[in-house]
Amino acid sequence: MASPPLAVLHAEAAPALDLLTVPQVMARLQLSRSAVYDLLRSGQLASITLGRARRIPTHALTDFIRTRLE
């Protein structure tokens, strides 16, 4: 019996958690760097810090957009 591809095993082992950089969020929202950091500082957009790197989970960006639409 053939084993499933490695990508399938990885997807089943851990839930998908995509992390975006500030420049990626800037591009998606078409905002300036300072505007994105203002959203992070005010708590409107959730993020995590890994060392000195700031990362925004894709679900946090989706939640931010969803609350703005409501």
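Residues numbered from 1 in each chain as written. Predicted model: local features only at pLDDT ≥ 70, side-chain atom pairs only at ≥ 80, totals over all residues. Heavy atoms only, no water.

### Some thoughts on the pairing of strand 3 (residues 53-57)
Successive residues of a regular strand alternate their side chains across the two faces of the sheet. Pairing of strand 1 (residues 19-20) with strand 3, which is carried by 2 bridges, proceeds in the antiparallel orientation. Its bridge partner being in strand 3, Leu-19 is matched across the sheet by Pro-57. Relative to strand 3, strand 2 (residues 48-50) is paired through 3 bridges, and the arrangement is antiparallel. Bridge pairing in strand 3 places Ile-48 opposite Arg-55. Where strand 2 folds back onto strand 3 in an antiparallel hairpin, the turn is made up of 2 residues, including Gly-51, whose phi is positive at roughly 65°. (Pairing = 2+ DSSP bridges. Helix = DSSP H or I, 4+ residues; strand = E, 2+ residues; numbered from the N terminus.)

### Notes on the packing of helix 2 (residues 22-29) against helix 4 (residues 58-69)
Put simply, helix 2 and helix 4 touch, their axes get as near as 12 Å, and they point 30° apart. The orientation of helix 2 relative to helix 4 falls into the category roughly parallel. Judged by the sense of rotation from one axis to the other, the crossing of helix 2 with helix 4 is right-handed. Where helix 2 approaches helix 4, its residues Val-25, Arg-28 and Leu-29 are matched on the opposing element by Thr-58, Leu-61, Phe-64 and Ile-65. Among the residues making up the contact of helix 2 with helix 4, the classes are represented as 5 nonpolar, 1 polar and 1 charged. (Axes fitted to C-alpha atoms, helices over the stretch in contact; angles between N-to-C directions. Parallel < 35°, antiparallel > 145°, perpendicular 65-115°, else oblique. Left-handed = near helix turned anticlockwise from the far one by under 90°. Contact = heavy atoms within 4.5 Å. Nonpolar A, V, L, I, M, F, W, Y, C, P; charged D, E, K, R; others polar.)

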